[in-house]
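# Topology and contacts: notes
Each chain, letter by letter, is given below.
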Amino acid sequence: MENIFLTNEEPSKNEFLKMIGETANAICDAYNSPSAYSGPTPQELKEIVKSDTILPETGLGWEKVLSLTKEKILPNLLRTSSTDYMPHLHSPATLESIASELIISSFNQSMDSWDQAPVATEIEVEVTRHLCALYGYDKNSDGVFTSGGSQSNQTAIILARDYFINNTLKYDVKKFGLPDNFKKLKMYISEISHFSMEKSAHILGLGYEAVRKIPVDKNKRMDFAALKASVESDIAQGNIPFLVVATIGTTDFGSIDPVTQISDLCKKHGMWLHADAAYGSGVVLSKKYCSKVSNLNLCDSITVDFHKMFLLPISASAVLVKNAATFDALTIHADYLNREEDEEDGYTNLVDKSLQTTRRFDALKVWMSFLARGRNGWSDIITSSMENAQYLYKILSASKDFSVVTVPEISSVVFRYVAADDSKSDEINKKTRRVLLHKEGIVVGQTISDGHVCLKFTLLNPLMTHEKLDWLVQKICDISRTQNV
């Protein structure tokens, strides 16, 4: 039972250094191509990884396991740092943030109670304080790290629901559950909002029927006139509007809903305003384009994702709230974990404001990467991605072979190849994406817009160049022209 863990003993340290070094070398060896993917189909991958057992009676030992990993897994992992990878809001990871992951895993802190993560707790509190200031909140604000945008959104919707029911309907939802008239509660999202809104409504007992999907305009932003009409119609029918979600960077298009107008409407009717800025939150670091998100302080809560534009490893997200007291909705004390007497003496137990109990020290990634690159470095990274999207839009719009859905607001461009016989275009675009994936190692997105199959570039990689974009567009054009439908 020797050398199971990293300890203060020299043999364990030596074994740790050996294993980490061998792993690092294997990873570097797997970066043997500029492409994003080695190409196997789902059927081929199933055969590659198929095994009689993954739990042998006698362990194979480190060297054999590493050899199998090098053979079956590493060659077939996506290389997200490749400029051939752009399908989703799924970023490459900066070198310093990868280093931070080694620290996080090696020390294995649990972020629920102070005595499980002393300095880690204080770092998360400090990072959260600075994040609140970054988005224009004052000292009364607060936040907590989460597993991702879906959990951040769900947390915000819980806080909005409880705050509204407790303060407007004068009913203790935490103690008694949902009030008798809960079916009248309505929340408003754009028709292209993230699916986590509807999922959260279901989980919280409100159901899909509580969600009003508001149409978007030609720029894929929530149609404010339609929102206003929907809210007023619900009020006239005796329903109870309690929440509007403004999307700051829709998943496909990167469009930004009109926050200032929505805020005025929410204030008029006593509704909570949540900003799902999982994508667009990164824009705040661009000195050139930060004004696009400068009004987020009007929102009662904000979802921030760091594993998108901020280029940190999965997972890293946070939900910020304008009024720290709203986190009381999630607080419950347990004698074995977050004792009240400890908190009175200054021990912060972050489980008090989290849906999760056990949680990783993800705030370290933000702390290290922000300090390492600084405001200027991050501004250059974010700005370059946004301007790459503008360049791509320009060249696609100038081509007779393509149709572009909308002008990019952040760094996503949705477009489609248009065949001479347009009735064949949808199938051609589908086939082209598959050819790119399995034959060329180029991974692009696919979605639907206005009933048509479209391709999507989500440009998060600052290493992308205009020359590479020119080449990619020509490659897609060449492949599309050869497809038989």
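Residues numbered from 1 in each chain as written. Predicted model: local features only at pLDDT ≥ 70, side-chain atom pairs only at ≥ 80, totals over all residues. Heavy atoms only, no water.

### What to know about the nonpolar core
Burial of nonpolar side chains together is a common tendency in soluble globular proteins. Counting residues in hydrophobic clusters, the biggest one holds 59 residues, and the most contacted among them are Leu-227, Ile-302 and Phe-306. Of all the secondary-structure elements, those providing two or more residues to this core are helix H5 (118–134), helix H9 (224–236), strand S5 (240–247), helix H10 (259–269), strand S6 (272–277), strand S7 (301–305), strand S8 (317–321) and helix H12 (363–397). Per-element accounting of this core gives the leading share, 7 residues, to H12. The residues contacting Phe-306, other than those within four sequence positions of it, are Leu-131, Phe-145, Leu-311, Leu-312, Ala-316, Ser-317, Ala-318 and Val-366. Grouped together as the second largest cluster of nonpolar side chains are 27 residues, Ile-157, Leu-159, Met-197 and Ile-240 included. (Core = buried A, V, L, I, M, F, W, Y, C linked by side-chain atoms within 4.5 Å. Buried < 20%, exposed > 50% of the residue type's maximum accessible area, 1.4 Å probe, protein only. Helix = DSSP H or I, 4+ residues; strand = E, 2+ residues; numbered from the N terminus. Contact = heavy atoms within 4.5 Å.)

### Let's talk about the sheet that holds strand S10 (residues 412–417)
Within the open sheet, the 5 strands sit side by side as S1-S11-S12-S10-S9. Their pairing is mixed. Unpaired on one side and paired on the other, strand S1 (85–86) and strand S9 (402–404) mark the two borders of the sheet. Strand direction decides the pairing type here: S1 and strand S11 (residues 443–449), joined by 2 bridges, are parallel. Bridge assignment links Tyr-85 to a residue of S11, and that residue is Val-443. Each of S9, S10 and strand S12 (452–458) is contacted by H12, which is oriented at about 20° to S10, the strand it contacts most. (Pairing = 2+ DSSP bridges. Axes fitted to C-alpha atoms, helices over the stretch in contact; angles between N-to-C directions.)

### Notes on the sheet that holds S8
Pairing in this open sheet of 7 strands is mixed, and the strands run S2-S8-S7-S6-S5-S3-S4 from one edge to the other. The sheet is open, and its two borders are formed by strand S2 (142–146) and strand S4 (211–214), each paired with just one other strand. Strand-to-strand twist of the sheet, defined as the mean angle between neighbouring strand axes without regard to direction, takes the value 20°. In this sheet, S6 lies alongside S5 in parallel orientation, the contact comprising 5 bridges. Bridge pairing in S6 places Ala-246 opposite Ala-275.

### Some remarks on the packing of helix H13 (residues 425–440) against helix H14 (residues 466–481)
At a minimum axis separation of 9 Å, H13 and H14 run at an interaxial angle of 115°. Between H13 and H14 lies a crossing whose hand is right-handed. Between H13 and H14, the contacting residues are Ile-428, Thr-432, Val-435, Leu-436 and Glu-440 on the first element and Lys-475, Ile-476, Ile-479 and Ser-480 on the second. (Left-handed = near helix turned anticlockwise from the far one by under 90°.)

### Considerations on the pattern of salt bridges
Taken as a whole and judged by the stated rule, the model has 27 salt bridges. Its salt-bridge partner being Glu-10, residue Lys-13 comes within 3.9 Å of it at the nearest N-O pair. With Lys-13 and Glu-10 both in helix H1 (residues 10–30), this residue pair falls 3 residues apart, about one helical turn. Looking at Glu-10, the relative accessible area reads 46%, which means it is partly exposed. In this structure, Lys-468 engages Asp-84 in a salt bridge whose closest nitrogen and oxygen atoms are separated by 2.7 Å. One end of the pair, Lys-468, is in helix H14; the other, Asp-84, is in the loop between helix H3 (62–72) and S1, with 384 residues separating them in the sequence. Residues joined in a network through salt bridges with shared partners are Glu-101, Arg-360, Asp-362 and Lys-365. (Salt bridge = Lys/Arg side-chain N within 4 Å of Asp/Glu carboxyl O.)

### Focus: the packing of H9 against H10
At a minimum axis separation of 10 Å, H9 and H10 run at an interaxial angle of 10°. When the interaxial angle is binned, H9 and H10 end up roughly parallel. For the pair H9 and H10, the sense of crossing is right-handed. Contact residues: H9 offers Phe-224, Leu-227, Lys-228, Val-231, Glu-232 and Ile-235, while H10 offers Gln-261, Ile-262, Leu-265, Lys-268 and His-269. (Parallel < 35°, antiparallel > 145°, perpendicular 65-115°, else oblique.)

### As for the packing of aromatic side chains
Counted by the stated rule, this structure contains 12 aromatic pairs. Ring geometry for Tyr-163 versus Trp-272: centroids 5.7 Å apart, planes at 65°, classification edge-to-face. Note that Tyr-163 is positioned in helix H6 (residues 149–167) and Trp-272 in strand S6, a separation of 109 residues in sequence. For Tyr-163, a relative accessible area of 39% corresponds to the partly exposed category. An aromatic cluster is present here, built from Phe-145, Phe-306, Phe-310, Phe-370 and Trp-378 joined pairwise through their rings. Positioned above the aromatic ring of Phe-253 is the side chain of Lys-220, whose terminal nitrogen or guanidinium carbon lies 5.1 Å from the ring centre. (Phe/Tyr/Trp six-rings, centres within 6.5 Å; stacked < 30°, edge-to-face > 60°. Lys NZ or Arg CZ within 6 Å of the ring centre and 35° of its normal.)

### Re the state of the cysteines
All chains considered together, the criterion is met by 0 disulfides. No disulfide involves Cys-132; its nearest neighbouring cysteine sulfur is the one of Cys-299, lying 13 Å away. When its relative accessible area of 2% is taken as the criterion, Cys-132 is described as buried. The closest cysteine sulfur to the non-disulfide-bonded Cys-266 is located on Cys-299, 8.4 Å from its own sulfur. (Disulfide = S-S within 2.5 Å.)

### Digging into the pairing of S4
Two strands pair when backbone bridges link them, and strand S3 (residues 185–190) and S4 are joined in this way by 4 bridges, in the parallel orientation. Opposite Tyr-188, over in S4, you have Arg-212 as the bridge partner. Handedness of the crossover joining S3 and S4 through helix H8 (residues 196–203): right-handed. (Right-handed = clockwise from strand over helix to strand, strands pointing away.)

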